[in-house]
Each structure stands twice: as structure tokens, then as C-alpha cells.
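Residues per chain, in single letters:
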Amino acid sequence: MTDAPAFLAADHVSFTVPDLEAAIAFYTDAFGARELFRMGPLAAGEIPAMPDGRDWMEAHVGVAGATLTLAMLELVGNLNLQLVQYDAPADRNPVPPRNCDAGGHHLALRVDDVEKAAAYLAARGCTVQNIIEISDGPLAGKKNLYVRDPFGHSLEIVD
């Protein structure tokens, strides 16, 4: 017997973007994502404070004084992508972390043809790196590719 809950599946990944409308347009066009819903703008100053005095945004997303709008997209059949645009606070960092920085991350998507995906994503504004062909080890014979979406998020494309 354990106290642990049953972790059932991934639900969504969230990317903070500088322009929500542009990000929705990119992901719906490039990946065929489907918008499920939107929320906001949600402003910390318009939501009652928590019992401990913190504003709702600080208590829940760790950012005091935040104002945000979000959209949830169905990215692929088993994963949703939440896109969030923060309009406050003023001191937010507009640059995503590098993969080597704390909080660095990437989203990997499997495709049927890495070369085709490279050309397709480059034509849609992604910064495309060289394809990696793996010749040894447990992934021998596989290919992958790192790209940056137009908003600076790292994506890995794998076969």
C-alpha cells in the first residue's frame, strides 16, 4: 500500500510566448494544432488575495502581480500545448532559457521523415539545425533534429 496517486498520462506542456495570437497561428498552421479554449486576461489585481495575503498569481504560478492570457491547443493526439502570454509584471525576461540553463527544456515530437520535417519547419519560420544521424548505441539508425520555433522554444524532431 502506498500514498502515491496513480500518475496516468501527460496532459499538457506549457510555453510562455510574447504574442499569443502569433503563437496560436504558428502552431495551428505548422503542426495542425486545434485550439480547445482560451482564458483571460487574468490579472492578479482583479482576483481576491489568498488567506496568507499573497496575490492569486504569486500563490499559483509563482509570479506576483502577473497578468496572463492562455490558450490550450491539442498539439497531437496524446498531448496538449498550453500557450501563455504574460502582460505583467514589467520585469519578465523575454528570452527562453538555453537548454543548459536551469529550467531549460525542449519538446520532442516524433515524425515519419526527419528530412521532410526539417524543410517543412524551416519554411514556416523555424531555425533548423543539422540533422543528427545516430550510428551507434541503442538509437543506432535513428535521426533527430533540433529546431527553434519563431518564439525561441527548442523542439526536437525524432523518427
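The text that follows walks through the structure, step by step, so that each part is easy to find.

In terms of nonpolar packing, the biggest core is built from 27 residues, with Phe 15, Tyr 27, Leu 75, Leu 83 and Leu 107 touching the most fellow members. Looking at this core, the elements that each hand over two or more residues are α1 (20-31), β3 (67-76), β4 (79-88), β5 (107-110), α3 (114-123), β8 (143-148) and β9 (154-158). In contact with Phe 15, other than residues within four places in its own chain, are Tyr 27, Leu 81, Gln 82, Leu 83, Val 84, His 105, Leu 107, Asp 149, His 153 and Leu 155. Formed by 7 residues, the second largest nonpolar core is a distinct cluster that contains Ala 44, Met 57, Val 84 and Tyr 86.

What follows deals with the pattern of salt bridges. If you walk through the whole model with that rule in mind, you get 7 salt bridges. For the salt bridge of Asp 29 with Arg 124, the shortest nitrogen-to-oxygen distance reads 3.8 Å. Of the two residues, Asp 29 sits in helix α1 while Arg 124 sits in the loop between α3 and β6 (127-128), which places them 95 residues apart along the sequence. For Asp 29, a relative accessible area of 52% gives the class exposed. Looking at Arg 124, the relative accessible area reads 31%, which means it is partly exposed. In this structure, Arg 38 engages Glu 35 in a salt bridge whose closest nitrogen and oxygen atoms are separated by 2.6 Å. Through salt bridges that share partners, Glu 21, Glu 35 and Arg 38 make up one connected network.

Bringing the sheet that holds β3 into the picture now. The mixed open sheet is built from 4 strands, whose spatial order is β1-β4-β3-β2. Unpaired on one side and paired on the other, β1 (12-16) and β2 (34-43) mark the two borders of the sheet. Ignoring strand direction, the axes of neighbouring strands in this sheet form an average angle of 20 degrees. Two strands pair when backbone bridges link them, and β3 and β4 are joined in this way by 9 bridges, in the antiparallel orientation. For Leu 70, the partnering residue across the bridge sits in β4 and is Val 84. Against the sheet, α1 makes contact with β1, β2, β3 and β4, and its axis sits at roughly 0 degrees relative to β3, the strand it touches most.

Now for the environment of His 106. Within the fold, His 106 resides in the loop between β4 and β5. For His 106, a relative accessible area of 37% puts it in the partly exposed group. Sequence separation between His 106 and Ser 154 is 48 residues, and the spatial gap between their C-alpha atoms is 4.8 Å. A distance of 2.8 Å separates polar atoms of two side chains, one belonging to His 106 and the other to Glu 156.

Turning our eyes to something else, we now look at the environment of Ile 134. You can see Ile 134 is positioned in the loop between β7 (132-133) and β8. For the pair Ile 134 and Ala 90, spaced 44 residues apart in sequence, the C-alpha separation works out to 44 Å. Those residues within four positions of Ile 134 in sequence are excluded, and the remaining contacts are Leu 139, Ala 140, Gly 141 and Lys 142.

Calculation notes
- Residues numbered from 1 in each chain as written.
- Predicted model: local features only at pLDDT ≥ 70, side-chain atom pairs only at ≥ 80, totals over all residues.
- Heavy atoms only, no water.
- Core = buried A, V, L, I, M, F, W, Y, C linked by side-chain atoms within 4.5 Å.
- Buried < 20%, exposed > 50% of the residue type's maximum accessible area, 1.4 Å probe, protein only.
- Helix = DSSP H or I, 4+ residues; strand = E, 2+ residues; numbered from the N terminus.
- Contact = heavy atoms within 4.5 Å.
- Salt bridge = Lys/Arg side-chain N within 4 Å of Asp/Glu carboxyl O.
- Pairing = 2+ DSSP bridges.
- Axes fitted to C-alpha atoms, helices over the stretch in contact; angles between N-to-C directions.
- Polar contact = N/O pair within 3.5 Å; in protein donor to acceptor, adjacent residues only side chain to side chain.

Distances and angles like these do not, on their own, reveal function.
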